[in-house]
Amino acid sequence: MNRIRYTAGLISLFAMGALLRADVPAAPVPNVKDFFYVYADKSRHEINHYAPSGWMGDTGDLKFEEVNDPSKAGSSMEKIIYTAKGSKGAGWAGVYWQNPNNNWGSRAGGFNLSQFKKLTFQAKGAIGGEKISDFKMGGIQGDFGDTDTASSGPVELTKDWKTYTIDLTGKDLSRIIGGFCFSANRDDNPTGFTMYLNDIRYEP
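All figures in this text were calculated on a predicted structure; none of them were measured in a lab. (Residues numbered from 1 in each chain as written. Predicted model: local features only at pLDDT ≥ 70, side-chain atom pairs only at ≥ 80, totals over all residues. Heavy atoms only, no water.)

**Comments concerning the side chain of N198**
So, point 1. Relative to the elements of secondary structure, N198 occurs in strand β13 (residues 193–203).
So, point 2. In terms of polar contacts, N198 uses its side chain to reach the backbone carbonyl oxygen of S76, at 3.0 Å.
So, point 3. When residues no more than four places from it in sequence are discounted, the contact partners of N198 are Y39, D41, D69, S75, S76, M77, F121, Q122 and W161. (Helix = DSSP H or I, 4+ residues; strand = E, 2+ residues; numbered from the N terminus. Polar contact = N/O pair within 3.5 Å; in protein donor to acceptor, adjacent residues only side chain to side chain. Contact = heavy atoms within 4.5 Å.)

See below:
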C-alpha cells in the first residue's frame, strides 16, 4: 500500500511539473525577414536584442566597453579586456548576452529564433593568437531556460577581423535567452588579452 501511495505521489509531482512547464509563456517570434541582432554598432543600437549582463567566473578580470572602430567611420565595436589575474580564483571568465538583463532562466524572456539557421559574428584580437575557449549561444538552465545550445569550440583569434559562423541546423530554438556567450581561461592566456567583437547576429 505504501509503495502504491509513493508511486501515486511521484505521478502527481511529475504531472505538476508538466503543468508548470506548460504555463511558461511562449517566447515571441521576431518580426524580421533577414538579420536578428545580438549586437550592432552604436548607430543601430535600437535593433540590439540582448545585453552583455551575464558575467561569469573571474568577473573582476574583465573590462567591457564600446569603442569607435577606426576602420569604419561612425562605427563602433565591443572591446573586452581579460587580465587573467584570477580575481575570484576560478581561472576563467566569460560573458553571456541575455534577454532580459541578468536572466539566468528564472524568469520569462528570450525569443523564438526557429526561423534562423546560423549565428554569425566578427571577432579579432589586439595582436593575434588570443585563445577563446568557446563562443556559443543558449545553454542557460532554469524554468525559463534555453531550449538548446550550439558552440564554435576553441578559437584562436587573428589580428584582423574574421567572420565566424555557428551552425544552428536541427537545433530547438523556440526559447533562447542566452543569445551569445564567450569564455576564456588563464591557462591559455596567462597574460590576458584584448578582444574585439562586432555584428553579432542570427541569420536565415
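**Side note on the pairing of β13**
So, point 1. A large share of β13 lies buried, amounting to 11 of its 11 residues.
So, point 2. Direction of pairing for strand β1 (residues 36–39) relative to β13: antiparallel, over a ladder of 3 bridges. Residue pairing for β13: Y39 is matched across the bridge by I200.
So, point 3. Alignment of strand β6 (residues 118–125) against β13, held across 7 bridges, turns out to be antiparallel. Looking at β13, one finds that K124 is bridged to Y196. (Buried < 20%, exposed > 50% of the residue type's maximum accessible area, 1.4 Å probe, protein only. Pairing = 2+ DSSP bridges.)

**Observations regarding the nonpolar core**
So, point 1. Ranked by internal contacts, the top residues of the largest apolar core, which has 36 residues, are F135, L197 and Y202.
So, point 2. Mapped by element, the contributors of at least two residues to this core are β1, β4 (76–82), β5 (92–98), β6, β8 (134–138), β11 (162–167), β12 (178–185) and β13.
So, point 3. It is β13 that contributes the most residues to this core, 5 residues altogether.
So, point 4. Residues contacting L197, with those up to four places away along its chain left out, are Y39, M77, E78, I80, W97, F121, Q122, A123, F135, W161 and F180.
So, point 5. In terms of nonpolar packing, the next biggest core, distinct from the first, is built from 5 residues, M56, Y96, I140 and I177 among them. (Core = buried A, V, L, I, M, F, W, Y, C linked by side-chain atoms within 4.5 Å.)

**Observations concerning the packing of aromatic side chains**
So, point 1. Scanning the model with the defined rule gives 16 aromatic pairs in all.
So, point 2. Ring plane angle 55° and centroid distance 5.4 Å describe the contact between Y82 and F193, whose orientation is recorded as tilted. With Y82 in strand β4 and F193 in strand β13, this residue pair connects regions lying 111 residues apart in the sequence. F193 matches Y82 in its accessibility class, with the two residues each being buried.
So, point 3. Pairwise contacts between aromatic rings join W55, F64, W97, F121, F135, Y164, F180 and F182 into one cluster.
So, point 4. Above the plane of the ring of Y196 lies K124, whose end atom (NZ or CZ) is 5.5 Å from the centre.
So, point 5. Directly above the aromatic system of F35 lies the positively charged group of R201, at a separation of 3.6 Å from the ring centroid. (Phe/Tyr/Trp six-rings, centres within 6.5 Å; stacked < 30°, edge-to-face > 60°. Lys NZ or Arg CZ within 6 Å of the ring centre and 35° of its normal.)

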